[in-house]
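Architecture and fold: a report
Chain by chain, the residues:
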2 protein chains.
Amino acid sequence: MEKKTYAPGILQYIPFFYVIWSDDLVSASEINVVEKAIETDESLTKEEKEQLKSWLNVEQPPANEEFKNWKQTISNSNIKLIESETYPLSTFSQKIVCAYFDTCPFNDSLKHIEINLGIQPNHYNHLFNVEVQHELTSDFYDANEIDSILKGKYSKTIDAFRDAVKDPIFKWDIHRNKEDFRTVVLKQVQFLAEKGYGAMAYPKEYGGTGDMEGYATIFENMMYVDGSLTIKFGVQFGLFGGSIQKLGTKKHHDKYLKKTGTTALLGCFAMTETGHGSNVRGIKTTATYDKDSDTIVIHTPGTNDNKEYIGNALHSKMASVFAKLIVDGKNEGVHAILVPLRDEAHELLPGVRVEDNGYKLGLNGVDNGKIWFDQVRVPRENLLNKYGDINEDGHYHSDIKNPNKRFFTMLGTLVGGRICVARAGLGGAKMALAIAIKHALKRRQFNDSIKIQEDLLMDYPSHQLRLTPLVASAYVYQITLDKVMKVYCDDSKSDKRMVETQVAGLKSIITWYANDTIQECREACGGKGYLIENRIADLKGDVDIFTTFEGDNNVLLQLAAKGVLSNFKSEFNSAGFSSVLKLLGTQLTDKLATINPVYSNKVDKEHLYNPKFHKHAFDHRTRRLTYTLAMRIRSYVKKGIPSYQAFLKVQTHLLALGKAYSVQLAYEAFTEFTEQISDNKNRDLFRKLGTLYALYEIRKDASWYLEQGYLGSTKSKAIRQRVERLSTELRPHIEILVDGFGIPEHCMSAPIAH
Amino acid sequence: MEKKTYAPGILQYIPFFYVIWSDDLVSASEINVVEKAIETDESLTKEEKEQLKSWLNVEQPPANEEFKNWKQTISNSNIKLIESETYPLSTFSQKIVCAYFDTCPFNDSLKHIEINLGIQPNHYNHLFNVEVQHELTSDFYDANEIDSILKGKYSKTIDAFRDAVKDPIFKWDIHRNKEDFRTVVLKQVQFLAEKGYGAMAYPKEYGGTGDMEGYATIFENMMYVDGSLTIKFGVQFGLFGGSIQKLGTKKHHDKYLKKTGTTALLGCFAMTETGHGSNVRGIKTTATYDKDSDTIVIHTPGTNDNKEYIGNALHSKMASVFAKLIVDGKNEGVHAILVPLRDEAHELLPGVRVEDNGYKLGLNGVDNGKIWFDQVRVPRENLLNKYGDINEDGHYHSDIKNPNKRFFTMLGTLVGGRICVARAGLGGAKMALAIAIKHALKRRQFNDSIKIQEDLLMDYPSHQLRLTPLVASAYVYQITLDKVMKVYCDDSKSDKRMVETQVAGLKSIITWYANDTIQECREACGGKGYLIENRIADLKGDVDIFTTFEGDNNVLLQLAAKGVLSNFKSEFNSAGFSSVLKLLGTQLTDKLATINPVYSNKVDKEHLYNPKFHKHAFDHRTRRLTYTLAMRIRSYVKKGIPSYQAFLKVQTHLLALGKAYSVQLAYEAFTEFTEQISDNKNRDLFRKLGTLYALYEIRKDASWYLEQGYLGSTKSKAIRQRVERLSTELRPHIEILVDGFGIPEHCMSAPIAH
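Scope of this entry: the structure provided in the associated data block. This structure is a prediction, so every number in the text was calculated from the model and none was measured. Throughout, a residue's number is its position along its own chain's written sequence, starting from 1. Think of it this way: whatever chain is written first is A, whatever ligand is written first is 1, and the rest follow in order. Local features in a predicted model are, by the rule used here, given only for residues with pLDDT of at least 70; side-chain atom pairs are given and counted only at 80 or more, and totals for whole chains, interfaces and linings are based on all residues. As a convention, hydrogens and water are excluded, and side-chain values are obtained from all of the structure's heavy atoms.

1. Considering the interface of chain B and chain A
How big an interface is tends to be expressed through the accessible area that disappears when the partners come together. Opposite the 91 residues of chain B that make contact, chain A presents 89 residues. Computed with a 1.4 Å rolling probe, the buried area is the accessible surface lost when two parts are put together, summed over both parts. Taken together, the two surfaces of chain B and chain A that pack against each other cover about 7900 Å², and 49% of this comes from carbon and sulfur. Area buried by chain B at its contact with chain A is led by R176, Y530 and E707 of chain B, which between them contribute 11% of it. Salt-bridge detection follows one rule: a side-chain nitrogen of Lys or Arg within 4 Å of a carboxyl oxygen of Asp or Glu. Our count for the contact surface shared by chain B and chain A stands at 10 salt bridges. Between D544 of chain A and K540 of chain B there is a salt bridge, with its nearest N and O atoms 2.2 Å apart. Contacts between residues were defined by any pair of non-hydrogen atoms, one from each residue, lying within 4.5 Å.

2. Overview of the relation of the copies chain B and chain A
The second copy of the chain is related to the first by a rotation about an axis and a shift along the axis. Superposing chain B onto chain A takes a rotation of 180° combined with a translation of 0.0 Å along the rotation axis, leaving an RMSD of 0.1 Å. In symmetry terms, the pair is related by a two-fold rotation axis. Among all residues of chain B, the one whose C-alpha sits closest to the rotation axis is S703 of chain B, at a distance of 2.0 Å. Here 98% of the interface residues in chain B have copies in chain A that are interface residues too; the copies meet face to matching face. Only residues with pLDDT of at least 70 in both copies count here: their C-alpha atoms drive the least-squares fit that superposes the copies.

3. Brief notes about the packing of aromatic side chains
Ring geometry is summarised as follows: Phe, Tyr and Trp rings, the Trp one being its six-membered ring, pair when their centres sit within 6.5 Å, and such pairs are stacked at plane angles under 30 degrees, edge-to-face over 60 and tilted between the two. Summed over the entire model, instances satisfying the criterion amount to 54 aromatic pairs over all chains. Aromatic side chains F17 of chain A and W55 of chain A sit 5.8 Å apart centroid to centroid with 70° between the ring planes, which places their arrangement in the edge-to-face category. With F17 of chain A in helix 2 (residues 14-22) and W55 of chain A in the loop between helix 4 (46-54) and helix 5 (64-76), this residue pair connects regions lying 38 residues apart in the sequence. When its relative accessible area of 0% is taken as the criterion, F17 of chain A is described as buried. Ring geometry for Y705 of chain A against Y710 of chain A: centres 5.5 Å apart, planes inclined by 45°, an arrangement best described as tilted. In this scheme, a residue with accessible area under 20% of its type's maximum is buried, one over 50% is exposed, and one in between is partly exposed, where area comes from a 1.4 Å probe on protein chains only. Judged by relative accessible area, Y710 of chain A falls into the buried class, the value being 1%. Within the aromatic cluster, the residues linked to one another by ring pairs are Y6, Y13, F17, Y18, W55, F67 and W70 of chain A. In this structure, K715 of chain B is placed above the aromatic ring of Y599 of chain B, and the distance from its NZ or CZ to the ring centre is 4.2 Å. Only DSSP runs of H or I with at least four residues qualify as helices, and only runs of E with at least two residues qualify as strands; both kinds are numbered from the N terminus onward. Whether a charge sits over a ring comes down to the Lys NZ or Arg CZ being within 6 Å of the ring centre and within 35 degrees of the ring normal.

Shape descriptors only; they carry no functional weight alone.
Here it is in structure tokens:
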């Protein structure tokens, strides 16, 4: 077979054409980039331009013979592609020209294509003779810069905390015996309290800095040390201390808050009962006011009405007990009362019974237990009385007359805990991702028979696809949780209903995301991921319960969906409901008008990567689900079906809406943040992460979008391909991306991560 | 408001119309059932028939006023619906007529509707005043009958085994210390060996019954006792013993097999190396034949070439070591050699080093370890020489000349282990489902404000949807694994390639299913599911690794897909490949011709529940994926891209095909089985389970079917609704369905299951 030769002008483009045509993604907009470059390339003759352009016809791609000839020409040059070059492919092309001819000027048009098409080593490293990579990752981005962007204004707080956990007391180890483990964790909690971290969210006068947002950031970072530490810390300072701070008044703050922050007083948060998990309103423990003795009698009435899963139950001296407050024989609804559990000698007080919950799937360093009360009397002032009080004369009083509203106001003060749980889940996911990705950048498995080295796990497209979108999601969720905590802490807004709805949804999708991610990382590390020493196993066990505690995810998602339904009304009633319906109906019709067949089949990169498209898709889904949900409920209600039963009938619809709403929220928070990043380079990276997240999420619900006619087949397929493509494009930066999480080196104890 | 009254003829139908119209699923075929019943109802006048039929118009449903009036009429009758009646709704209707009029004959037309529409308590128990259910489950089906169907010809074997594990030695307990746990598990293994279970799959002359199929069934049942027991048992008898039985010859059988079956000889299966997990062909341990001493020298050449995760490593006296056999300086490929590890005093022999793998996420009762060999010499006869031998004169000989084929033949003999792993995963899933469902039939949470009792978890539609399809899948997968093991054991078929492909795919989808199911059950049990005492936590930790060991699922799925591609050729080469392509092309074109818009939007129940539709859908997906995959690879190969790289480019496509193929296989095995069930009642139940499985699986891939135009929007939505509907219809039988798994009462130690 005679070898066809190419003129230098043509030759320099051949490696590019070879890459483009061996890839599945030759889109109109990409061809446009190449065409423009050729058009403006002054080194080319008119004939050469024509020749090159003729190879850009999607309808009539270059013949296979031509393609083989390109390959032959490249391979006969014996030139190696050096990945560490600034423009590896352009330089490679230039060198090939040098190999065949005398001259070889560097051509800026090629550089232009390389940059604009985002051609990455992964697009060609199976095609060419690539110089063995010494760097597993590109140094184009800087992990410290990324970490700084993520830390934002909490840089100092976070850095100091990461430094604090360098103390040998935090050295990770395998603990199989729960008593020993709990002792270690208690010491760690006390150590952090001494450093001031316990009181952090409390006012200055009680040893803190009033910094709830900072508290949330260190809470996430604590997961890098250990899950049990994080949860016990959260119980002591966030739940027990938080209930005193938020439900109590000055007398309680003065008496208990400082001691709580220093761990001089260890306490627990006794809300959940065996029989009434997520249904807090249904708890049965009673707190009956006895006027004669001016005391409140705490009592567990029956089997399964005991408190359960109460963290810190074995170490605590006191509990913040949630019970139905009965005054003058009237049930005033759920209130919290401080109840001493043990004396100075740590002996249980009369009438109090505590049982260890025993071993759990994870968090065995947390002393969860069951608590029973048998007519335990406490002084009247132990009632945390911010929202409801018993007067001197023995009568109940509250500024919030509506018992329903009172209940939700009290519970609303605890929403911060839910944000922290999501935050901790995210920390766990980040840690697992960092370990799995560092392992995949070291571990080799299988190879081409002609290569000596096996391929890196991270170079497998399937491995990129299973991990990269999860990394992108971690970025999106951190920014989202930062934002929602900021809104929650904004005291200028007293109505917290909106943020409660948001947190209910976000806590659910993020803790599920965390579990799925940790599981994917476990499997991605094979047998090594199964060994406790590599940390993922513990993360899996610890984070698992996050989907259930602080509100079961399925219950919370329904709460979020109901919040969306009643967004514009302060209370969900049938009058308000129909006006919501009307409003939704109008808006939806307006929006739907924009979906036409051209839009639903638009597949060019500019469109698919455009945040406007993503936002439109998410918005469309949320609105459409809200509208159809409202219509279904209305039709049931019209038929006389009680609303409780109507809601049961639409339960799966509610869950879908709750998720859709939360994804939309997260993406919007992230894009808002991204646009504020000042330097172009990092902003572009964050945009790419946002795009990957958006397309990945749209892809998950592709069947719905297709059913609705919002996506056409071609567009749906194009989105799938773009998710794969973006995952591959981020391959050179994947290590920087997980380093950007800023997990301290001393916490990365997993042997496989080194 | 004046009350509208109805004549008796009309009135008797009103509860039915009320149920039908308050449900979302009024389809043409259902209306047809009601119309027919009315038509043939001789108790009705012509006018009454007209009136009733006018309420069956989907285009113009009954007015809301009419609907409310029905409700009022029913409710004013003060009649309670008694669930335990044979035909609850028909009887209820009859009684309402009695309440308003003097006569009330039982009407068979109503019964006809009740049966044919499959109206179940769940369709009306929120609508009417239902007599409090004392029975949580219907007694229409019999758990023992179902269990018998599942046990099939292994009834005796399984019953005897379930009886054997009643011994107190198998009493489940929490084990935190691995040494103690391993001691317990070892004793359990020895106990089972004494009873003959260890040798079960070996020939009679070595203490067995040659019953590999029976072995697989008890293997699944062993999971009800404990995961560590199951795996250690499998290592000793299935892997170590299996390698002697299948790779060795008579001299090895005579010397070792009986001792292995009785545990007089404890052994391990040393295949996996730290550096070469799923790439068995890439293992580095060498077995070099030294002619002078007539011995084989076993050696671990470098770092990461040690054996790892080897079960039984700490208790074993001997290992079946997989190593590259080098004879006359030539690498003859991977072979297994028996290598003594320890002496009678259990001291390690010279040159052997063993390290404990330490604590793991689960299976801590199995002593996994790492093993290094430093020039360890064993006699030549220790080579397991069935497929390759070293002659007396020191030369290598094998009947299988092609080293590739030899390798796969040896590995193929171990495919039984993969079936057993899937089987064990399934056992774990069944156990978790039984616990979660029994809990959901006891646990109440939230309620209607007017009801005193909270609702049972199992009565929530979302709970039904999350668990019921998983129960159906368990039935499908058990039947499938029974069948594939039967084919594997059929000695009349010597070419095991097809069954290997099938097992690779099935092991992957079933172990993933098992993990997802156990996780869903954990969450469905809330905090209780997190406690070790409730067993799900351990199942989660134990079953997790099943996705990775005996072949990583992602690797196996690619193997399955490649098997599908080369289905018609004994070896995958480019000549064979193009003929496969051609064949696939033709068949696909034929098949595709049948998909037309009417088909892709057919939504009647008869069609959606028809196995022909399910099979067609699965077949279409497998063929289409195969065809497009083959086309993509061919186009890459034509372009001169080496096949290794071409396969990398289509990796995600391969995974999709592997899954699709496996689902199709499972469904076909199940329907084949179902049609052989002799009694109608149980056959109908199994058909329903098969339908739920099929629709659930089609639903999972709905985006693909929609993209392909195979499903239209309406049909896709109808499938989703049918999955929910079937999950609800099975609610009354859900306890019987999990009881049908036959998990012995003494193994159901989880407190929440009682």
